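Listed below are the residues making up each chain.
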Amino acid sequence: MTVAVTGASGHLGRAVADELFALVEPDEVVLVTRNPDHLVAFARRGATVRYGDFDRPDSMQDALTGVERALLISTTALGRRAGQHGAAIDAAHGTGVRHVVYTSILNPIEANPSSVVSEHRATEHKLKASGLAWTLLRNDFYAELPAGALGRAIATGQLVHNYGDGRIAWVTRQDCAAVAAAVLAGDGHEDKAYDVTGPELFSGDDLATLAATVSGVEVSAVAVDDEAYIANLIDNGGLPEAAARGLASSGRAIRDGYFDQLTTVVADLSGRPARRLQDVLVASLA
Ligand SMILES: NC(=O)c1ccc[n+]([C@@H]2O[C@H](COP(=O)([O-])OP(=O)(O)OC[C@H]3O[C@@H](n4cnc5c(N)ncnc54)[C@H](OP(=O)(O)O)[C@@H]3O)[C@@H](O)[C@H]2O)c1
């Protein structure tokens, strides 16, 4: 069976491609990207690399020709993603693709205040109504994100957050990739949604403790409200205001309990334990 990965030159796409090589024959792998030149190494390993851009649906039709199952990796064009993903689903429908696997977000319900949720929810609805078989990979937030913030916390001795008492089980991209590859290569995943989380729930206090344990430096958690968190991200983190507000909306979602969820999907589908945040942090500090 021929399987495709869109957005294949990004972090997740490359990781999925790597995982796929262990599960299917290289000549069954089609990698779709706006940057074929970036995937020459995968082409050398036997994958087919094709140009495809959600903003050019005709290119997606060409790219997905002969493909039976496709992983649609959500894009980075915040505010335009629902349209892009919808165009990609329509393009897939016009080819031989029978089954689309989509990288969504944990708990994409209307009440979830994270700014990334609405476009994922719209894409989920579009895919479910498309007539294609679907699988939703509701990925938690990536563990690589707090690992970066923890580096700053260790440097300053303060972990500033707006999570309140909320908790989250960050998951690594590689584990998300392993789940995606297992779904692409396996059977019985049609019309299912998987909540893909890391192996441990962390509060803001837990994160500060982890940072202190790993670094040997005293780190205290400082819980602030959304506006103070945004100001801190802009003034001390150097983020543009829009990005700071987006992060704060996700922090609020954690505070409100929308990410307080722990599953065994990574281990169940990939056959190996989900990677611990501590290990990601240690690696990022090395
Ligand atoms: N769960 C989380 O915490 C979290 C955090 C950040 C992002 N995300 C989502 O997860 C996705 C994958 O994460 P990542 O770390 O791999 O991100 P990344 O490295 O920034 O890669 C983003 C991918 O989006 C693809 N893309 C952008 N515009 C596109 C277009 N017009 N048509 C088709 N593809 C397009 C790119 O594909 P090509 O360049 O290969 O064409 C690229 O590979 C992100 O795009 C985002 O939707 C999730």
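As shown above, the structure is provided for reference.
Reading the values: the criteria
Residues numbered from 1 in each chain as written. Predicted model: local features only at pLDDT ≥ 70, side-chain atom pairs only at ≥ 80, totals over all residues. Heavy atoms only, no water. Axes fitted to C-alpha atoms, helices over the stretch in contact; angles between N-to-C directions. Helix = DSSP H or I, 4+ residues; strand = E, 2+ residues; numbered from the N terminus. Parallel < 35°, antiparallel > 145°, perpendicular 65-115°, else oblique. Left-handed = near helix turned anticlockwise from the far one by under 90°. Contact = heavy atoms within 4.5 Å. Nonpolar A, V, L, I, M, F, W, Y, C, P; charged D, E, K, R; others polar. Pairing = 2+ DSSP bridges. Near = heavy atom within 4 Å. Polar contact = N/O pair within 3.5 Å; in protein donor to acceptor, adjacent residues only side chain to side chain. Areas by Shrake-Rupley, 256 points an atom, 1.4 Å probe, with all protein chains shown as cover. Salt bridge = Lys/Arg side-chain N within 4 Å of Asp/Glu carboxyl O. Buried < 20%, exposed > 50% of the residue type's maximum accessible area, 1.4 Å probe, protein only. Expected span 1.5 Å × (residues − 1). Arc of directions from axis to C-beta.

Student: So what exactly am I meant to see when it comes to the packing of helix α8 (residues 204–215) against helix α12 (residues 277–285) here?
Tutor: A pair of packed helices is captured by two measures, namely the crossing angle of their axes and the spacing between those axes. Packing of α8 against α12 brings their axes to within 10 Å, and their N-to-C directions diverge by 50°. Classified by the angle their axes make, α8 and α12 are oblique. Here the hand of the crossing between α8 and α12 comes out right-handed. Between α8, through Leu207, Leu210, Ala211 and Val214, and α12, the contact on the second element is made entirely by Leu277, Gln278, Leu281, Val282 and Leu285. Each residue belonging to the contact of α8 with α12 can be placed in one class, and the counts come to 8 nonpolar, 1 polar and no charged.

Student: Would you mind going over the sheet that holds strand β6 (residues 133–139) with me for this structure?
Tutor: Strands pair in a sheet through their backbones, by hydrogen bonds, and they do so in one of two ways: parallel or antiparallel. Ordered in space as β3-β2-β1-β4-β5-β6-β8, the 7 strands form an open sheet in which the pairing is parallel. This sheet does not close on itself; its edge strands, each paired only once, are β3 (48–51) and β8 (192–196). Each strand axis lies, on average, 20° off the axis of its neighbour in the sheet, ignoring direction.

Student: Would you take a moment to explain the site of the ligand for this structure?
Tutor: The environment of the ligand is made up of 23 residues, and the closest members are Ser9, His11, Thr33, Ser74 and Arg173. Take histidine 11: an N or O atom from its side chain is 2.7 Å from an oxygen atom of the ligand. In the environment of the ligand, an oxygen atom lies 2.6 Å from a nitrogen or oxygen atom belonging to the side chain of threonine 33. Its free accessible area being 880 Å², the ligand has 85% of it covered by the protein chains.

Student: Quick question: what am I supposed to make of the pattern of salt bridges here?
Tutor: Evaluated as defined, the whole model comprises 17 salt bridges. Between aspartate 260 and arginine 167 there is a salt bridge, with the nearest N and O atoms lying 3.3 Å from each other. Here aspartate 260, found in the loop between α10 (241–255) and α11 (265–270), pairs with arginine 167, found in the loop between β7 (158–161) and α7 (173–185); they are 93 residues apart in sequence, far enough to count as distant. Among the residues examined, aspartate 260 registers a relative accessible area of 36% and is labelled partly exposed. When its relative accessible area of 33% is taken as the criterion, arginine 167 is described as partly exposed. Here arginine 245 and glutamate 241 are joined by a salt bridge, their closest N and O atoms 2.7 Å apart. One end of the pair is arginine 245 and the other is glutamate 241, both in helix α10 and 4 residues apart, which spans about a single turn.

Student: Quick question: what am I supposed to make of the environment of valine 224 here?
Tutor: Looking at where valine 224 falls in the secondary structure, it is placed in the loop between β9 (220–223) and α9 (226–235). Setting aside residues up to four positions removed in sequence, valine 224 forms contacts with Val160, His161, Asn162 and Tyr229.

Student: What is the right way to read α8 from this model?
Tutor: Each full turn of the α-helix corresponds to 3.6 residues, which orients residues three or four apart in the same direction. With 12 residues, α8 should cover 16 Å at 1.5 Å per step; its first-to-last C-alpha distance of 17 Å lies within 8% of that length. Along α8, the positions that sit buried rather than exposed are Gly204, Leu207, Ala208, Leu210 and Ala211. Buried positions in α8, seen along its axis, are confined to an arc of 160° and lie on one side of it. Away from the buried face of α8 by more than 90 degrees, exposed residues Asp205, Thr209 and Thr213 are located. Those residues of α8 hidden inside the fold are in contact with α6 (144–156), β7, β9 and α12. After α8 finishes, the residue glycine 216 shows a positive phi value of roughly 80°.

Student: Please explain the packing of helix α4 (residues 81–93) against helix α5 (residues 117–128) as it appears in this structure.
Tutor: At a closest axis distance of 9 Å, the pairing of α4 and α5 adopts a crossing angle of 20°. One way to sum up the angle between α4 and α5 is to call them roughly parallel. Handedness of the α4/α5 crossing: right-handed. Mapping the contact onto sequence places Arg81, Ala82, His85, Gly86, Ile89 and Asp90 in α4 and Glu119, His120, Ala122, Thr123, Lys126 and Leu127 in α5. Residues of the contact of α4 with α5, tallied by class, amount to 4 nonpolar, 4 polar and 4 charged.

Student: Where do I start with α12 in this structure?
Tutor: All of the buried residues along α12 are Leu277, Val280 and Leu281. Within α12, the buried residues cover an arc of 95° as seen down the axis, which keeps them to one side. Along its buried surface, α12 packs onto α6 and α8.

Geometry only, nothing functional implied.
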